Amino acid sequence: MSVVVLTGGHGCGVTVSCLALALSSPRPSLLVEAAGRQASIRCGYRQGAWGGDVGLWHLAQAHLQHQLAEAFEAHLRPLDPDGNRLILPGLTDPTQASALSATWEPLALLLHAMDHHAGYDVIVDAGQVVVHGGGLHAGLFPAQLTHRADVVLLVLRNTLTSVAQTLPVARVLQGELERYGSGSEALRLLVIKELPSTAGGLRTDAITRRFGIPVVDLLPWDVPAGSLFTHGALRPPRLAKLPLLKQARKAAAAVAVEVNTRRRALDMPPAPVTSPQVAGVLQRLAAVRPASRPVDSRLPGVAFHG
């Protein structure tokens with residue numbers, strides 16, 4: 001993968017899907033909670049590991065003081081015991097969202113540098129799409145991160161209700177990516193199989209026809225994994241044994257193919273790093289990065305401190 005944004009309509013499972021991809025990436029990964037509402041991972045999956053003094057909102061003030069790169073590094077936290085996966089925790093108060101409107105663009109450049117120069121896969125949890133005036137809301141949604149993403153994954157469930165709720169969102173995203181991004185071809189669907197076909201669940205080929213957008217993968221409806229990633233657990237299951245994580249490894253590979261294909265088609269070389277501060281941050285993060293590996297069956301979920 002590279003810089004991949006996940007978003008969706010109402011109650012579609014974006015955060016659970018982001019965690020599954022971040023923990024399954026073959027390279028070290030960075031998960032960015034960028035939704036314009038209270039983020040859930042610090043109090044859910046990580047069970048209150050960090051307070052409000054850590055997270056995305058602090059980057060807005062740092063940007064005004066020309067210290068964005070340093071604050072970015074300072075607010076990263078481990079997502080796994082070995083530090084192979086990192087997270088930039090999101091907002092603790094929805095009123096903080098508007099303060100980030102000027103920070104999304106420089107943060108987008110920094111995230112791409114994390115991929116190209118520090119060797120991290122970046123997964124952005126953009127949460128629920130917020131629309132204003134026929135387009136993405138510039139203050140309450142990370143529109144610039146979406147515009148600059150290599151691939152945007154629109155998450156939905158394989159139900160008629162989810163499809164109906166998501167179709168208008170897909171059209172908004174296609175228009176935004178066509179006008180401000182690298183083209184509407186950057187949009188792909190990531191489907192969660194909530195219902196079997198015998199109970200009215202839609203097949204991926206039927207969903208593709210309705211949207212006119214390819215489905216990159218179909219993730220299973222995994223109740224233990226969903227509960228773990230939403231609420232955490234005192235005695236979590238082995239991650240590698242969860243069906244969601246097994247399939248997420250395949251999804252990560254499929255997304256990587258999409259990214260590489262688009263990069264070759266666009267023929268856009270990575271932007272050079274000209275800031276000494278940014279270069280220093282990237283060098284330090286690359287130096288402490290553990291060896292690349294897929295999710296380990298020994299990972300104990302949230303039973304660690306950091």
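Here is what the cut-offs are and how they apply
Residues numbered from 1 in each chain as written. Predicted model: local features only at pLDDT ≥ 70, side-chain atom pairs only at ≥ 80, totals over all residues. Heavy atoms only, no water. Helix = DSSP H or I, 4+ residues; strand = E, 2+ residues; numbered from the N terminus. Rg over C-alpha atoms; globule rule 2.2 N^0.38 Å. Buried < 20%, exposed > 50% of the residue type's maximum accessible area, 1.4 Å probe, protein only. Contact = heavy atoms within 4.5 Å. Areas by Shrake-Rupley, 256 points an atom, 1.4 Å probe, with all protein chains shown as cover. Lys, Arg positive; Asp, Glu negative; His and termini not counted. Charge placed at Lys NZ, Arg CZ, Asp CG, Glu CD. Core = buried A, V, L, I, M, F, W, Y, C linked by side-chain atoms within 4.5 Å. Pairing = 2+ DSSP bridges. Right-handed = clockwise from strand over helix to strand, strands pointing away. Expected span 1.5 Å × (residues − 1). Phe/Tyr/Trp six-rings, centres within 6.5 Å; stacked < 30°, edge-to-face > 60°.

Undergrad: What is the right way to read the overall build of the chain from this model?
TA: Within the chain, the secondary structure is distributed over 10 helices and 10 strands. In terms of overall size, the chain behaves like a compact globule, its C-alpha atoms giving a radius of gyration of 18 Å where 306 residues would be expected to give roughly 19 Å. The principal-axis extents of the C-alpha atoms in the chain amount to approximately 55 × 45 × 40 Å. Scored against the burial criterion, the 306 residues of the chain give a buried share of 53%. Restricting to contacts in the chain with at least 6 residues of sequence separation, those with at least 24 account for 78%. A total of about 12,900 Å² of accessible surface is found on the chain, and carbon and sulfur atoms cover 55% of it. One way to put it: in the chain the 28 positive side-chain charges average out to a point 7 Å from where the 22 negative ones average out.

Undergrad: Sorry if this is basic, but what is going on with the nonpolar core here?
TA: Here is a general trend for soluble globular proteins: nonpolar side chains tend to be buried in one another's company. Of all hydrophobic cores here, the largest spans 58 residues; its most connected members are F72, L111 and M114. Among the elements that make up this core, the one with the highest residue count is helix α4 (residues 104-118) (8 residues). Those residues within four positions of F72 in sequence are excluded, and the remaining contacts are L30, L59, L88, L107, L110, L111, M114 and L285. Core analysis: the second largest hydrophobic core is formed by 37 residues, V14, L79, L239 and A251 among them.

Undergrad: Just checking my understanding: could you explain the pairing of strand β10 (residues 215-220) for this structure?
TA: Residues in a regular strand project their side chains so that they alternate between the two faces of the sheet. As judged from the 5 bridges shared by strand β9 (residues 187-193) and β10, these two strands associate in the parallel manner. Within the sheet, the bridge partner assigned to L190 lies in β10 and is D217. A crossover links β9 with its parallel partner β10, the connecting element being helix α7 (residues 204-211), and its sense is right-handed.

Undergrad: For this particular structure, what's the right way to read helix α9 (residues 243-266)?
TA: Side chains that are three or four residues apart share a direction in an α-helix, a result of its 3.6 residues per turn. Counted at 1.5 Å a residue, the expected span for α9 with its 24 residues is 34 Å, and the 35 Å between its end C-alpha atoms agrees. Looking at α9, one finds that the buried residues are L244, L245, Q247, A248, A251, A252, V255, A256, E258, V259 and R262. Where the residues of α9 are buried, they touch β1 (3-8), α1 (14-24), β8 (151-157), β9, β10 and α8 (223-231). A positive phi of about 50° marks D267, the residue just after α9.

Undergrad: Please explain the side chain of Q96 as it appears in this structure.
TA: By the secondary structure assignment, Q96 is in the loop between β4 (85-88) and α4. Leaving out residues up to four positions away in the same chain, Q96 has contacts with W57 and L91.

Undergrad: Is there a simple way to think about helix α2 (residues 57-64) in this case?
TA: For α2, the complete set of buried residues consists of L59, A60 and A62. Where α2 is buried, its residues meet α3 (68-74), β4 and α4. H66 occupies a position one or two residues after α2 and carries a positive phi of about 60°.

Undergrad: Help me understand the packing of aromatic side chains, please; the structure alone is not making it clear to me.
TA: Remark: the centre distance and the inter-plane angle together describe each pair of aromatic rings, the angle taken between the planes. Scanning all chains against the criterion turns up 1 aromatic pair. On the numbers, 5.3 Å between centres and 85° between planes, the contact of Y45 with F229 is edge-to-face. Taken as a pair, Y45 in the loop between β2 (29-33) and α2 and F229 in helix α8 lie far apart in primary sequence, 184 residues in all. By relative accessible area, which is 0% here, Y45 ends up buried. We classify F229 as buried; its relative accessible area is 1%.

Undergrad: Teacher, can you tell me more about the pairing of β1 here?
TA: Within β1, 6 of the 6 residues are buried, which leaves the element mostly enclosed by the surrounding structure. Both β1 and β8 contribute to a ladder of 5 bridges, which runs parallel. Residue pairing for β8: V4 is matched across the bridge by V151.

Undergrad: Help me understand the environment of E70, please; the structure alone is not making it clear to me.
TA: Residue placement: E70 occurs in helix α3. Given a relative accessible area of 33%, E70 falls into the partly exposed group. Separated by 11 residues in the primary sequence, E70 and L59 place their C-alpha atoms 9.2 Å from one another. Discounting residues that sit within four places of it in the chain, E70 has contacts with Q277 and V281.

Undergrad: Help me out: how do you make sense of unusual backbone geometry in this one?
TA: Trans is the common state for peptide bonds, and a negative phi is the common state for residues other than glycine. Phi is positive for Q47, close to 50°, though the residue is something other than glycine. Within the element layout of this structure, Q47 appears in the loop between β2 and α2. By relative accessible area, Q47 is classed as partly exposed at 37%. In this model, H66 sits at a positive phi of 60°, which is unusual for a non-glycine residue. Here H66 is to be found in the loop between α2 and α3.

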